Amino acid sequence: METPEWTIENITALEDYKLRINFIDGVKKIFDCKPLLEKKIYAPLKDKKFFRRVYLSCGGVAWNDDIDIAPEYLYDAGEII
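Counting starts from 1 at the beginning of each chain's written sequence and moves along it residue by residue. In keeping with the model being predicted, local features are shown solely for residues with a pLDDT of at least 70 and side-chain atom pairs are shown and tallied solely at 80 or more, while totals for entire chains, interfaces and linings include all residues. Only hydrogens and water are set aside; all other atoms, that is, all heavy atoms of the structure, feed into the side-chain values.

Looking at the sheet that holds strand β5 (residues 60-62)
For two strands to be treated as a pair, DSSP must find at least two bridges joining them. Only DSSP runs of H or I with at least four residues qualify as helices, and only runs of E with at least two residues qualify as strands; both kinds are numbered from the N terminus onward. Spatial strand order, β4-β5-β6: three strands in an open sheet with antiparallel pairing. The open sheet has two edge strands, β4 (55-57) and β6 (68-69), and neither has a second partner. Where β4 and β5 come together, three bridges link them in antiparallel fashion. Paired with Y55 across the two strands is A62, which belongs to β5.

Digging into the nonpolar core
For our purposes a nonpolar core is just a set of buried Ala, Val, Leu, Ile, Met, Phe, Trp, Tyr and Cys residues, chained together by side-chain atoms within 4.5 Å. Only protein chains enter the calculation, and the probe is 1.4 Å; a residue is then buried if its accessible area is under 20% of its type maximum, exposed if over 50%, and partly exposed in between. Within the largest apolar cluster, 21 residues are counted, with the highest numbers of intra-cluster contacts made by L19, V61, W63 and I69. Counting residues per element, the ones that place at least two in this core are β1 (8-14), β2 (18-23), α1 (48-51) and α2 (71-77). Ranked by residue count, the leading element in this core is β2, at three residues. Note on contacts: a residue pair qualifies if any of its non-hydrogen atoms lie within 4.5 Å across the two residues. Leave out the neighbours within four places in its chain, and L19 touches I11, T12, A13, L14, K29, I30, F31, C33, F51, V54, V61 and W63.

Right, here's the structure in full:
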């Protein structure tokens, strides 16, 4: 089975609620989380210390058991760097 191009290799929290994401296909993107912060589920990410605790989980990114973002969404919505 082939690994999808949107498989995340590495994730880094940046300033101003952005994520730097390296995908397995070599693509590097910046994803701006600010628009998500207005949604109730993502409101805890407004705490910058909590936001910086992002980690890889089941192929996507997560902050805890309740807050995550699917890798294919990050791949589609991120800005190539």
